[in-house]
Amino acid sequence: MKDLTEGKPLYVLWNFSIPMFISVIFQQLYNIADSVIAGKFAGEDALAAVGASYPITMIFMAIAIGSNIGCAVVISQLYGAKQYGMMKTAIFTTLVASAGLSILLMGAGLMGTRSLMEMIRTPSNIFEEGAVYLRIYIAGFLFLYLYNVGTGIFTSLGDSKTPLYFLIGSSLGNIVLDYLFVAVFQWGVPGVAWATFLAQGIACVFALWTLNKKIRNIHGEGTVLFSWNMLKKIGAIAVPSILQQSFVSIGNIFIQSLINGFGSSVIAGYSAAIKLNTFAITSFTTLGNGISSFTAQNLGAGKLKRIKEGLRAGMGIGVLAALPFLVCFFGFGGQMMGLFLKDESAQAMKTGVEFLRIVSPFYLVISIKLAADGVLRGTGQMRMFMLSTFTDLILRVILAYLFAYLGGVTAVWLSWPIGWTIAMVLSGGFAWKVIREYSFL
């Protein structure tokens, strides 16, 4: 475990963030591997089937990530204040509540799989395979949820290395199983889903076992296994985070529904490009989560001046992280799309390359926005955080439909840069407002 309240903020954040960035690389590797192996060994329709259900799977992921953020902020504050008994109560309460909620969502998702696929206007030629993939994914949601919450707890305690080790094992295992199930056994789309199910399940079990060993060594008085009052404190951060993440995913469903109207080739190209885009955005989001933990620990310790320094350092690291993605996606978009698609998939290839070249220059913008969001979450300023995020979401959805009507599918991609730029101005302004109000200057 690492105390984030000591040391120069730039070095502390850098050392804390490196394992988190590597974790994202491995996490996204197996997400991308699903699409790469599906596209290369099962064909364009298989890639489209996996991609068509992607916005729906992201709703479930959004709930897990929102819970991750909520528990991490509260636990970080308690850890920074050295209130270890309450901190352990927060950890146990989070795990109990997460298990219950994930089981309820699994049941609802399994019953509504086909309705969800119909809602996003999934083309008939990929409907059945897409529904099978989604059903298996939802069946493993308990593992996904608890693993993400466990990762948030490790991070809040200043430990960004332990989740990395599990992600490396899980990612490599998922890629091996993907190849075995799809390329060797020829299971097609179900093989992709089962590979993710098994890899995530094993990682979840080992993560919770390790977490239990770690917190046993922390001595705190007054620890209880479940507290409604603590759940309220966690919920005050988690619920807005879940809503924010979920509404973003719902917005992506509207956009996916729009894209689905252009046919399976466009769906396949967009599915591949959005996986690459998610790789980049998740990296910046992970840095934002690190800034949240840094901010919360220093807030709990009363070291308020460090938060301003942390924001500046985080923005700098975010811009540095954005540059490699910009170079790869803008300069080598064709080669990146070639990882997913065969040479004969000309329309799909063209769609993906256009998306990447329009969106990737604005990674510099969204990385700054997400760093500022980290300060807003870490200080508990959830209204400002949600206002900025919802502005981005609403603009992107409205503009996507407007641009599709005016200029076709290529024009849709312009909605990302516009939404990100306006949201960056809002989040940055809110973060500095919070800093001034708390007399951090």
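Reading the values: the criteria
- Residues numbered from 1 in each chain as written.
- Predicted model: local features only at pLDDT ≥ 70, side-chain atom pairs only at ≥ 80, totals over all residues.
- Heavy atoms only, no water.
- Helix = DSSP H or I, 4+ residues; strand = E, 2+ residues; numbered from the N terminus.
- Rg over C-alpha atoms; globule rule 2.2 N^0.38 Å.
- Buried < 20%, exposed > 50% of the residue type's maximum accessible area, 1.4 Å probe, protein only.
- Areas by Shrake-Rupley, 256 points an atom, 1.4 Å probe, with all protein chains shown as cover.
- Lys, Arg positive; Asp, Glu negative; His and termini not counted.
- Charge placed at Lys NZ, Arg CZ, Asp CG, Glu CD.
- Core = buried A, V, L, I, M, F, W, Y, C linked by side-chain atoms within 4.5 Å.
- Contact = heavy atoms within 4.5 Å.
- Phe/Tyr/Trp six-rings, centres within 6.5 Å; stacked < 30°, edge-to-face > 60°.
- Axes fitted to C-alpha atoms, helices over the stretch in contact; angles between N-to-C directions.
- Parallel < 35°, antiparallel > 145°, perpendicular 65-115°, else oblique.
- Nonpolar A, V, L, I, M, F, W, Y, C, P; charged D, E, K, R; others polar.
- Salt bridge = Lys/Arg side-chain N within 4 Å of Asp/Glu carboxyl O.

On to the overall build of the protein. On a plain count of helices and strands, the protein comes out with 18 helices and zero strands. Whereas a compact globule of 441 residues would reach a radius of gyration of roughly 22 Å, the protein reaches 21 Å, a difference of no more than 12%. When its C-alpha atoms are laid out on the principal axes, the protein stretches across 60 × 40 × 35 Å. Looking at the protein as a whole, 60% of its 441 residues qualify as buried. For the protein, the accessible area works out to roughly 16900 Å², and carbon and sulfur atoms hold 69% of it. Distance between charge centres in the protein, computed from 29 positive and 18 negative side chains, equals 12 Å.

Of all hydrophobic cores here, the largest spans 76 residues; its most connected members are F284, F355, Y363 and W416. The element best represented in this core is helix α11 (residues 264-301), accounting for 14 residues. Those residues in contact with Y363 that sit more than four places away from it in its chain are N277, A280, I281, F284, A322, F325, L326, F329 and W420. Residues I56, I75, A238 and M384 belong to the second largest nonpolar core, which totals 52 residues.

Positive phi outside glycine occurs at K82, with the angle close to 60 degrees. Turning to its location among the elements, K82 is positioned in the loop between α3 (54-80) and α4 (84-111). Even without being a glycine, Q186 presents a positive backbone phi close to 60 degrees. Its relative accessible area of 55% is what places Q186 among the exposed residues.

Counting across every chain of the model gives 21 aromatic pairs. Taken together, a centroid distance of 5.4 Å and an interplanar angle of 70 degrees make the contact between F279 and F325 edge-to-face. Residue F279 is located in helix α11, and its partner F325 is located in helix α12 (residues 305-331); the two are separated by 46 residues in the primary sequence. Each of the two residues, F279 as well as F325, counts as buried. Relative to F325, the ring of F284 has its centre 5.9 Å away and its plane inclined at 90 degrees; by these criteria the two rings are edge-to-face.

Quick look at the packing of helix α7 (residues 141-156) against helix α8 (residues 162-184) now. At their nearest, the axes of α7 and α8 sit 9 Å apart, and the two run at 150 degrees to each other. With respect to α8, the axis of α7 lies roughly antiparallel. Here Y147, T151 and F154 of α7 lie close against α8, whose contacting residues are T162, P163, F166 and L167. In the contact of α7 with α8, the residues fall into five nonpolar, two polar and no charged.

We now examine the pattern of salt bridges. For the structure shown, the criterion picks out five salt bridges. For the salt bridge of D159 with K214, the shortest nitrogen-to-oxygen distance reads 3.2 Å. Taken together, the residues D159 in the loop between α7 and α8 and K214 in helix α9 (residues 189-216) connect sequence positions 55 residues apart. Residue D159 is classed as buried on the basis of its relative accessible area of 8%.

A few words on the side chain of S360. Positionally, S360 belongs in the loop between α14 (346-359) and α15 (363-378). Taking the relative accessible area as the measure of exposure, S360 reaches 0% and is therefore buried. If we skip the residues at most four places from it in the chain, S360 touches L326, F329 and F330.

Everything listed here is a matter of coordinates, which is why it stays silent on function.
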